[in-house]
Amino acid sequence: MGILTWTWILVGVTFALYIGIAIWARAGSSKEFYVAGGGVPPIMNGMATAADWMSAASFISLAGIVSFTGYDGSVYLMGWTGGYVLLALLLAPYLRKFGKFTVPDFIGDRYYSNTARVVAVIAALIVSFTYVAGQMRGVGIVFSRYLEVDINTGVYIGMAIVLFYAVLGGMKGITYTQVAQYCVLIFAFMVPAIFISFQMTGNPIPQLGFGAAGEDGVYLLDKLDGLQRELGFHEYTSGSKEMIDVFAITVALMVGTAGLPHVIVRFFTVPRVKDARVSAGWALLFIAILYTTVPAVAVFARTKLIETVSNKEYAELPEWFGNWEKTGLLKFEDKNNDGIIQYVADKSANELTIDRDIMVLANPEIAQLPNWVIALVGAGGLAAALSTAAGLLLVIASSISHDLFKKIIKPDISEKGELLAARFSAFVAVCIAGYFGINPPGFVAAVVALAFGLAAASFFPAIVMGIFDKRMNKEGAISGMIVGLSLMFFYMAKYKLGWLGDKPPASEWWFGISPEGFGTVAMVVNFVISVVVSRFTAEPPLDVQHIVEDIRIPSGAGEASSH
Amino acid sequence: MSKEKMKAYWKENLGYLAILLSIWFLVSYVFGIFLVDQLNTIKLGGFKLGFWFAQQGSMYVFVILIFVYVRLMNKLDKKYGVDE
């Protein structure tokens, strides 16, 4: 059977599975809609969190990024996993004990202020919308590459599916579909990786394989370092970025991960405090299975690609090269008309342009794996994009229906009315996300990475101090969040988007820190301002101080929501 | 639960956090970033050690840290009678 037939079969089967689960797990109450009724077993929550977390970018682009940047790519590997340690140790158990539905719920109650709640809602919406636009686009792109439909058609199909299970099932439907999506995506990622690792090194475990030697007895990494040097690239295993910037980006990604509302809210769905702790562990374990495989795939793919194409006759290349040329992901331009591909670091002499996504997408073909494996990668990419989009849409929907509508505009709304409002906001959110997927604003790609900076600059300090600093009051937290968020915005607008006159060169970055890493600075500023302001203003009321004492003790989590 | 008991529980919790987060910082930032060049002179099979920490080792340690934390806290909860 051909690749296309296999893809239709696998995508059809997995989609039927997701829809079946959504019908089985539809939400009957607002508690089920927002937090799946608080009854998700920790291992399942771990899987759902992992699927929620790993987006189309993790699945498709990450290995390519690491492949092209080598050691520099470590910031993403460490940054997007290390945040879970912070989540497990500093946030998840306490937020679970607090026991409400959303992150703005915590901020609003802990800082006894609707101003704080509104600031948190706005921050949650900004972070989630920048993130979700990229996901819908990702769904469209995967569809168009694997099923040969138009990108926009792909976005519509993705919207219809997400709409179906997010609106119907709420958090409950999303959680159980995410469990299925995790299984699909991890299987789809691991199968080709294991095949290739065995093929290149004789070791089926990719994590060990890329430290092993190939058939010629040379260590793979040494060989790749050599190839890179020969072609004029920097050595694969050493970096090219400033150490301070590598440090700042890693911190911003870790802290940002721990501050992302769609990740935090997952820990409201388990029954007990101890479940919140252990499900963070499961989540990271499930994420780490993919994330520790990524650098191995990156090394295999890069070595294989260079060996296959570099200094080879264009006319004698394997068939896949032509297939991917058609998609525009590979471009060969014979500058010196010798019919041979010169792939080198020097831009004026380089003849081959490679899109980074090809490292995962074309890898199974380059390694000549069976057609069903190639199709599986498509189904996996769709699972990754859909699961993340659904999680984000739920945060957007609950921010509007719960935090704004129920808590501020119309507190006397009935249970039924709130559930209806939640479904309606999910519907509107899907439409807006779809609109951005079809008409992507030029800055989306640039901004997704910065969503982490925004989360680091706003939520993380406010939540951590809400738990660990009893003296923190609303004046401190609000001013910290506003200054942190504005500072991050300003830096992003000036140094990344060039909205304030000409975009200044990297040499003018503050302390040599790039916009991607600036969330770290904004976070520190948030902490400092919060502490200073809070010490000069009145201490929080007694009942709030009791909330803080209460969330520090695990027992009685079930009753916490009655406060 | 009495005020003193609660304070003691919280203090032990903070002690665990300090130790675990120091290890978290050590494996990622110190081994994977600050000392990467020095550690790269040591080889672990085909891996340079600093590179290995940045792209493999730190992630393994992160997973272990969370499960160790879960164990420690479950014990602590029992000791103070605040488990569920």
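Residues numbered from 1 in each chain as written. Chains lettered and ligands numbered in written order. Predicted model: local features only at pLDDT ≥ 70, side-chain atom pairs only at ≥ 80, totals over all residues.

The next thing to look at is the overall build of chain B. A count of helical and extended segments in chain B gives 3 helices and 2 strands. Order of helices (α) and strands (β) in chain B, N terminus to C terminus: α-α-β-β-α. Relative to a compact globule of 84 residues, whose C-alpha radius of gyration would be 12 Å, chain B shows 17 Å and is clearly more extended. Considering only C-alpha atoms, chain B reaches an extent of 55 × 20 × 15 Å along its principal axes. Relative to its 84 residues, chain B shows a buried fraction of 36%. At a minimum sequence separation of 6, the contacts of chain B that also span at least 24 residues come to 50%. (Helix = DSSP H or I, 4+ residues; strand = E, 2+ residues; numbered from the N terminus. Rg over C-alpha atoms; globule rule 2.2 N^0.38 Å. Buried ≥ 20, exposed ≤ 12 C-beta atoms within 10 Å, placed from the backbone. Contact = placed C-beta atoms within 7 Å.)

Here we take up the overall build of chain A. Secondary structure assignment for chain A yields 22 helices and 2 strands. Considering only C-alpha atoms, chain A reaches an extent of 80 × 55 × 45 Å along its principal axes. Out of the 563 residues belonging to chain A, those deemed buried represent 57%. The long-range share in chain A, meaning contacts at least 24 apart out of those at least 6 apart in sequence, stands at 81%.

Our next topic: the environment of A:Tyr111. Residue and element names in this part refer to chain A. As for its position among the elements, tyrosine 111 is in the loop between helix 6 (103–110) and helix 7 (114–147). Put simply, tyrosine 111 and valine 360 are 249 residues apart on the chain and 46 Å apart in space, counted from C-alpha to C-alpha. Contacts of tyrosine 111, omitting those with residues within four sequence positions, involve Ala116, Lys474, Ala477 and Ile478.

Residues and elements named next belong to chain A. Within the secondary structure layout, tyrosine 314 lies in the loop between helix 13 (273–309) and helix 14 (319–326). For tyrosine 314, a count of 15 C-beta atoms within 10 Å translates into the label partly exposed. For the pair tyrosine 314 and aspartate 338, spaced 24 residues apart in the sequence, the C-alpha separation amounts to 9.3 Å. Not counting residues up to four positions away in its chain, the partners in contact with tyrosine 314 are Phe332, Asp334, Gly339, Ile340 and Ile341.

So, about the confidence of the model for chain A. Residue and element names in this part refer to chain A. Chain-level pLDDT for chain A is 87 on average; 97% of the residues reach the 70-or-more range. Per-residue pLDDT, averaged within each element of chain A, yields its smallest value for helix 14 (81) and its largest for helix 21 (residues 518–535) (96). Here residues 559–563 is a poorly scored stretch, pLDDT under 50, and it has 5 contacts once near neighbours within four places are set aside; other chains count. (pLDDT = per-residue confidence, 0-100.)

Residues and elements named next belong to chain A. Phi at tyrosine 112 is positive, roughly 35 degrees, even though this residue is not glycine. For tyrosine 112, the position within the fold is in the loop between helix 6 and helix 7. Under the C-beta neighbour-count criterion, tyrosine 112 is labelled partly exposed, with 15 such atoms within 10 Å. In this structure, phenylalanine 511 is a non-glycine residue whose phi angle is positive, near 50 degrees. Among the secondary structure elements, phenylalanine 511 is positioned in the loop between helix 20 (474–495) and helix 21. When the 12 C-beta atoms within 10 Å are taken as the criterion, phenylalanine 511 is described as exposed.

Before going further, it helps to examine the interface of chain B and chain A. Accessible area lost during the coming together of the parts is what is often quoted as the interface size. Opposite the 36 residues of chain B that make contact, chain A presents 42 residues. Put simply, the parts of the chain that give the side of chain B that touches chain A at least two residues each are helix 1 (3–34), strand 2 (47–48) and helix 3 (49–79) of chain B. With 16 residues, the single largest contributor to the side of chain B that touches chain A is helix 3 of chain B. Residue classes in the side of chain B that touches chain A are distributed as 23 nonpolar, 9 polar and 4 charged. (Nonpolar A, V, L, I, M, F, W, Y, C, P; charged D, E, K, R; others polar.)

Grouped together as the largest cluster of nonpolar side chains are 217 residues, with contacts concentrated most on A:Leu185, A:Ala389, A:Leu393 and B:Ile66. Not counting the four nearest positions on each side in its chain, A:Leu393 is found in contact with A:Val132, A:Val162, A:Ala166, A:Ala426, A:Ala429, A:Val430 and A:Ala433. (Core = buried A, V, L, I, M, F, W, Y, C linked by C-beta atoms within 7 Å.)

We now examine the environment of A:Tyr236. Residues and elements named next belong to chain A. Here tyrosine 236 is to be found in the loop between helix 10 (220–231) and helix 11 (243–259). Given 27 C-beta atoms within 10 Å, tyrosine 236 falls into the buried group. Placed 70 residues apart in sequence, tyrosine 236 and alanine 166 show a C-alpha to C-alpha distance of 42 Å. Those residues in contact with tyrosine 236 that lie beyond four places of it in its chain are Gly70, Leu221, Leu224, Asp225 and Gln228.

Quick look at the confidence of the model for chain B now. Residue and element names in this part refer to chain B. Put simply, chain B has an average pLDDT of 93, and 99% of its residues get 70 or more. The element-level mean pLDDT for chain B is lowest in strand 1 (residues 43–44), coming to 88, with helix 3 highest at 96. Here the prediction assigns the complex a pTM of 0.92, and the interface score ipTM is 0.96.

So, about helix 5 (residues 74–98) of chain A. Residue and element names in this part refer to chain A. For helix 5, with 25 residues, the first-to-last C-alpha span of 35 Å sits near the 36 Å given by 1.5 Å per residue. Taken as a whole, helix 5 carries its principal kink of about 50 degrees at leucine 87. One or two residues past the end of helix 5 sits glycine 99, with phi positive at roughly 75 degrees. (Expected span 1.5 Å × (residues − 1). Bend = angle between axes of the 7 residues up to and from the residue.)

A separate point is the packing of helix 8 (residues 151–201) of chain A against helix 18 (residues 415–438) of chain A. Residues and elements named next belong to chain A. One can describe the packing of helix 8 onto helix 18 by two numbers: an axis separation of 9 Å at closest approach and a directional angle of 165 degrees. Classified by the angle between their axes, helix 8 and helix 18 sit roughly antiparallel to one another. Viewed along their axes, helix 8 and helix 18 form a crossing whose handedness is right-handed. Across the interface between the two elements, Asn152, Val155, Met159, Val162, Leu163, Ala166, Val167 and Gly170 of helix 8 pack against Ala422, Arg423, Ala426, Phe427, Val430, Gly434, Gly437 and Ile438 of helix 18. (Axes fitted to C-alpha atoms, helices over the stretch in contact; angles between N-to-C directions. Parallel < 35°, antiparallel > 145°, perpendicular 65-115°, else oblique. Left-handed = near helix turned anticlockwise from the far one by under 90°.)

Below, the discussion takes up the packing of helix 5 of chain A against helix 1 of chain B. The geometry of helix 5 of chain A relative to helix 1 of chain B is characterised by a closest axis approach of 11 Å and an angle of 175 degrees between their N-to-C directions. Here helix 5 of chain A is positioned roughly antiparallel relative to helix 1 of chain B, judged by the angle of their axes. Residues A:Ser74, A:Met78, A:Gly82, A:Val85 and A:Leu89 of helix 5 of chain A touch helix 1 of chain B, and the partners they reach there are B:Leu17, B:Leu20, B:Leu21, B:Trp24, B:Ser28 and B:Gly32. Its residues assigned to classes, the contact of helix 5 of chain A with helix 1 of chain B comprises 7 nonpolar, 4 polar and no charged.

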